[in-house]
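# Overview (structure and organization)
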Amino acid sequence: MKSWLTTTDHKRIGLLYFWTAFGFFMIGGLEALIIRAQLVRPDGGLGVSAETFNQLFTMHGTTMVFLALMPLSAAFFNFIIPLQIGARDVAFPRLNAFSYWVFLLGGLFLNASFIAGPLFGADGLSVAPDAGWFGYANLTSRQFSPGPNVDFWLLGLQILGIASLAAGFNFVVTILNMRAPGMRMLRLPPFTWMTLITQFLVITAFPVITVALVLLMFDRFFGTHFFLPAGGGDPILWQHLFWMFGHPEVYILILPAMGIISEVLPTFSKKPLFGYTVVVYSGVVIAFLGWSVWSHHMFSTGLGPIADSVFAGTTMLIAIPTGVKIFNWIGTLWGGQIRFTTSLLFAVGFIAMFIIGGLSGVTHASAPSDLQQTDTYYVVAHIHYVLFGGTILGLFSGIYYWWPKMTGRFLSEGMGKVHFWLTLIGMNLAFFPMHFSGLLGMPRRIYTYPAELGVTRFNQLSTIGAFIIGIATLVFFWNLLRTRWRPSNAPANPWGGATLEWAIPSPPPVYNFTVIPTVASRLPLWQTERHGPMTPLPDQPPAPIHVPGGSWWPMITAFGLPIIAMGALAHLIPIVLAGAAVVVVGIYRWAYEPFEM
Amino acid sequence: MRGAVYFDAVRFVPVLVLLLLTACSGQFPQSVFVPRSDFSSELAGLFTNIFWWAVGVFVIVETLLVIALVRYRARKGAGEPKPVHGHTALEIGWTLAPALILVFIAVPTMRTIFATAGQAPEGALHVEVIGHQWWWEYRYPTLNISAYNELHLPVNTPVQVEMTSADVIHSFWIPRLAGKRDLIQGRTNRIAFRADSTGEYWGQCAEFCGASHANMRLRVFVQSDSAFQRWVDQQRAGPATPAKGSPAEAGLQVFRRSACIGCHTIAGVAQGKIGPDLSHVGGRATIAGALFPNTSETLQRWIMNAPSLKPGALMPPQNLSPQDLDAVVAYLQSLK
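Residues numbered from 1 in each chain as written. Chains lettered and ligands numbered in written order. Predicted model: local features only at pLDDT ≥ 70, side-chain atom pairs only at ≥ 80, totals over all residues.

### A short note on the interface of chain A and chain B
Keep this limit in mind: Note on contacts: each residue gets a C-beta atom placed from the backbone, and two residues are in contact if those atoms are within 7 Å. Think of it this way: any DSSP run of H or I at least four residues long counts as a helix, any run of E at least two long counts as a strand, and we number them from the N terminus.
At the junction of the two partners, chain A supplies 75 residues and chain B supplies 75 residues. At the level of secondary structure, the elements contributing two or more residues to the side of chain A that touches chain B comprise α3 (50–85), α7 (235–269), α8 (276–290), α9 (305–333), α10 (342–365), α11 (367–371) and α13 (413–439) of chain A. Here the element with the most residues in the side of chain A that touches chain B is α9 of chain A; it accounts for 14 residues.

This is the structure we're talking about:
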């Protein structure tokens, strides 16, 4: 137990990220099921109140983006990246532990709002955030949201931002500096490349939302008017800041999944990734363009025809590198020897579903067309095809692919296929009808709709689909759990993968590589035209390898942050100071702790 | 004509698919597929254009994917696949192809952006829309009248809409006629459109605006010129004065001595500014933000406990005796 609390081993931290994020994924999913249950009937539904409903969709979005998808990707960054680049750990192992604890505590802080009502003298138990996951000003002002709900949201996101930024810097440094000899940039596995791009997006995008949240905090706590028109501020400023973060965030969510399937498809087609350099460069181009499209979330705010045209144009450009990636993936499958493992099925599912989300994205990019779609269920369908059909299917593919490496145990392929087909059927039943609900005039974020709208049947289909996804996820959860009692019999390279993580035992020893390998090709474990597979590493290290011990200080430092946030929430300066003291002492002790790599 | 689903030839095949799916379950009063104005027709035309490109791309890519999966599935005894790393000409080709398709989408997009930029021609009817949590206020500055939740417009007349908000951001959306455009405090947004058929059109707020966002609905009545003029004349006239000794007359007294006057205006009776003006409330088809039909029964329930019908509504429950309630409802309904 202690060894898990103080661990700085990237593999253990990866597993901690995985299970924590999976827990939040289940919570976010439960929120979605209540939302869907409510909408099964028009005119009042099943009786969920407007206030509760608003909390549920706000927390569903916030949880899935910040507490489930990002950290599930982080689980793979942690576990897989050092193995793929031939390193013994990340560059800053204790900072890595700190990121995890901050993420966990930030997530608990946000969700504590569900039961914190009595502390604030609220009517009910829950004072969860209720202004939507992008918290548009000026609804978030003290005047229109007087309770602690929005405070929980903005403070929780500030805490989580610290975790993301620390991890972002850590992985940029790790990937650039910790590569094994011969691992040139254009020999990096595609997953490592997409991770690197993602982390650059994280360290450039998160400061923007940090600034926005600080301004909002000033408006709410100290009476400033950054976003309040009555005091000369501008609510649209919030939208610009939020989406300057928010659109890169979309690529922060999808690029890791694109990286995952760029590993899975070559392995299970026994062919190298088609057009490796183009896949890498198109990832870079997507990230760059991702910075220049934020206002396409704001076409209905009246930006004027020039701005609308520019942002419509840049947004459409993104379709090009994305299309290139899709063709390259199909090119990878083409001419291969495809083995239909669960991992491959999810990777193919990613391609098939992501196309739908991409194409509906083009209808959003066209500003006038978007006017009839934005803020309706059509855009809800779009984000779910991209983030569920894309990111989540990609992550599932990665879990089936790397689980034997991470635990030494195989997931059941039989249950995996049940999971895959139920998920695919469920998601299409849930999300495809939403296109119609939206185009028939159903706005998003409504707890009730009139029967006369004619969208009841579409909503019922969506609800059935959502519950099928729920069942699929339970099958998956059981599949994960039961591996604990399965034999640890996975060989080093069960799928015949080409990258370095498959050169070492499953699960890897604490030091990863007995000898740091020297890399001579992009596919070190495969026979290619010019290179043979690399010579196997020795079973035992030739000399003892020093591995760092654990440290309490990252976790203790992390505990200071929610204490500060609780002080701010309760307007009690002494608690804020106490939390700050914990952080300062923690960092001081951490800095002077004897700790060797 | 209200709510009927029409087809403009095969222009809206999605609607056909839709009808098959729903087996004609009814009408779709907020469908974007049945536009009844120049503005909404432009948007629908553009969407249809992109839709068919998207269908084409979808079919091609998914077909290639399925062919790859079927043709190249692992077979016993097959040799190792050729380790192809790429194909430059092919890759240039599939970079240029989507770029070319996007030109065919981008050009009409830009054209439509400028065509729908919100400037109505000279002589258009001006309407100001002000969003409130959770109801709509309309002002006709040239006609010197106001309306609430239900917008009346003359058919085939260009309308210049200028919109702003009294509180949080709302979004004005009548799918078959216009929108959507956000209402933002401290800013004025514009749209312009011309409704081409008379009838009743539905809309609602599209931007999340707090507790009763779902209940912030609206109606638009597009009328012939003469019917519109009659409505304008009615609004210009003062509120009806109830006959002596009628139940409505008793209701007026109840209204005068109750909390109603704190928030509502009735010309010559009360001057409250927080809620909608009730001078002509009896002539409206709906109450409470187009949420309920305007009947004695719904009015009674609304007056007795508005927040239970519309979460977050500012109007507190009124503790009126049954006689007073009947009287005040009779009075409100007399205000045609």
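Next, the rest of the story.
### Notes on the domain arrangement of chain A
All names here are of chain A. Threshold: Note: domain ranges come from an automatic or database domain assignment. Just so you know the grouping, Ala, Val, Leu, Ile, Met, Phe, Trp, Tyr, Cys and Pro go in nonpolar, Asp, Glu, Lys and Arg go in charged, and all remaining residues, Gly too, go in polar.
Partitioning chain A into domains gives domain 1 (2–534) and domain 2 (567–597). Computed over C-alpha atoms, the centres of domain 1 and domain 2 are 30 Å apart. Each partner contributes to the interface: domain 1 provides six residues, whereas domain 2 provides four residues. A total of three residues in the side of domain 1 that touches domain 2 trace back to one element, the largest contributor, which is helix α5 (residues 149–177). When the residues that make up the side of domain 1 that touches domain 2 are grouped by side-chain class, the tally is four nonpolar, no polar and two charged.

### Things to note about the environment of Asp234 of chain A
All names here are of chain A. Rules: Here a residue counts as buried when 20 or more other C-beta atoms sit within 10 Å of its C-beta, as exposed when there are 12 or fewer, and as partly exposed otherwise, the C-beta atoms being derived from the backbone.
Mapping Asp234 onto the fold places it in the loop between α6 (190–222) and α7. C-beta crowding within 10 Å serves as the criterion here: with 19 such atoms nearby, Asp234 is assigned to the partly exposed category. Linking Asp234 and Ala137, residues 97 residues apart in sequence, is a C-alpha distance of 8.5 Å. With residues up to four places along the chain from it excluded, the contact list for Asp234 reads Phe227 and Pro229.

### Comments concerning the sheet that holds strand β9 (residues 199–204) of chain B
Residues and elements named next belong to chain B. We count it as follows: Two strands pair if DSSP finds at least two bridges between them. Note on definitions: angles span 0 to 180 degrees between N-to-C directions of axes, and those axes are lines fitted to C-alpha atoms, for helices only across the stretch in contact.
In space, the three strands of this open sheet follow the order β4-β10-β9, with mixed pairing throughout. Of all strands in the sheet, those with a lone pairing partner are β4 (150–154) and β9, marking the two edges. Taken over all neighbouring pairs, the strand axes of this sheet differ in orientation by 25° on average, direction set aside. Strand direction decides the pairing type here: β4 and strand β10 (residues 217–223), joined by five bridges, are parallel. Note that in β10 the partner of His152 across the bridge is Phe221.

### Comments concerning the domain arrangement of chain B
Residue and element names in this part refer to chain B. When the domains of chain B are assigned, the result is domain 1 (13–75 + 84–115), domain 2 (125–236) and domain 3 (247–334). For domain 2 versus domain 3, the separation of C-alpha centres amounts to 22 Å. The interface of domain 2 with domain 3 comprises 17 residues on the first partner and 14 residues on the second. Listed by contribution, the elements that provide at least two residues to the side of domain 2 that touches domain 3 are β2 (135–140), β3 (145–148), β10 and α4 (225–236). In terms of residue count, the dominant contributor to the side of domain 2 that touches domain 3 is β10 (three residues).

### Some words on the sheet that holds β2 of chain B
Residue and element names in this part refer to chain B. Taken together, the five strands give an open sheet; going across it, the order is β3-β2-β1-β5-β8, and neighbouring strands pair in mixed fashion. Of all the strands in the sheet, the pair left with one neighbour each is β3 and β8 (189–194). The average angle at which neighbouring strand axes cross in this sheet is 25°, direction not considered. Judged from the five bridges that link them, strand β1 (residues 125–132) and β2 form a sheet pairing that is antiparallel. From the neighbouring strand, Val129 faces β2, where its bridge partner is Tyr138.

### Focus on the packing of α9 of chain A against helix α3 (residues 88–115) of chain B
Which entries qualify depends on this criterion: When describing relative orientation, an angle under 35 degrees is termed roughly parallel and one over 145 degrees roughly antiparallel, while 65 to 115 degrees is termed roughly perpendicular and anything else oblique. The handedness criterion is simple: a crossing whose near helix is rotated anticlockwise from the far helix by less than a right angle is left-handed, and one whose near helix is rotated clockwise is right-handed.
It is the contact of α9 of chain A with α3 of chain B, at a shortest axis distance of 9 Å, that shows an interaxial angle of 160°. Considering their axes alone, α9 of chain A and α3 of chain B lie roughly antiparallel with respect to each other. In this structure, α9 of chain A crosses over α3 of chain B, and the sense of that crossing is right-handed. Contacts from Pro305, Asp308, Ser309, Ala312, Gly313, Met316, Ala319, Ile320, Gly323, Val324 and Phe327 of chain A in α9 of chain A reach Trp94, Thr95, Pro98, Ala99, Leu102, Ile105, Ala106, Thr109, Met110, Ile113 and Phe114 of chain B in α3 of chain B. Looking at the contact of α9 of chain A with α3 of chain B residue by residue, the class counts come to 16 nonpolar, five polar and one charged.

### So, α5 of chain A
Filter applied, for reference: What a helix should span is 1.5 Å times the count of its residues minus one.
Between the first and last C-alpha of α5 of chain A there are 42 Å, a value that for 29 residues agrees with the 42 Å anticipated at 1.5 Å per step. With respect to burial, α5 of chain A is a largely interior element, 22 of its 29 residues being buried.

### A word on the pairing of strand β7 (residues 178–183) of chain B
In the case of a regular strand, side chains alternate between the two sheet surfaces. Residue and element names in this part refer to chain B. The buried fraction of β7 amounts to six of the six residues, a majority that puts the element mostly inside the structure. Where strand β6 (residues 170–174) and β7 come together, five bridges link them in antiparallel fashion. Residue pairing in the sheet places Ser171 in a bridge with Asp182 of β7. Hairpin connection between β6 and β7: a loop of three residues separates the two successive antiparallel strands.

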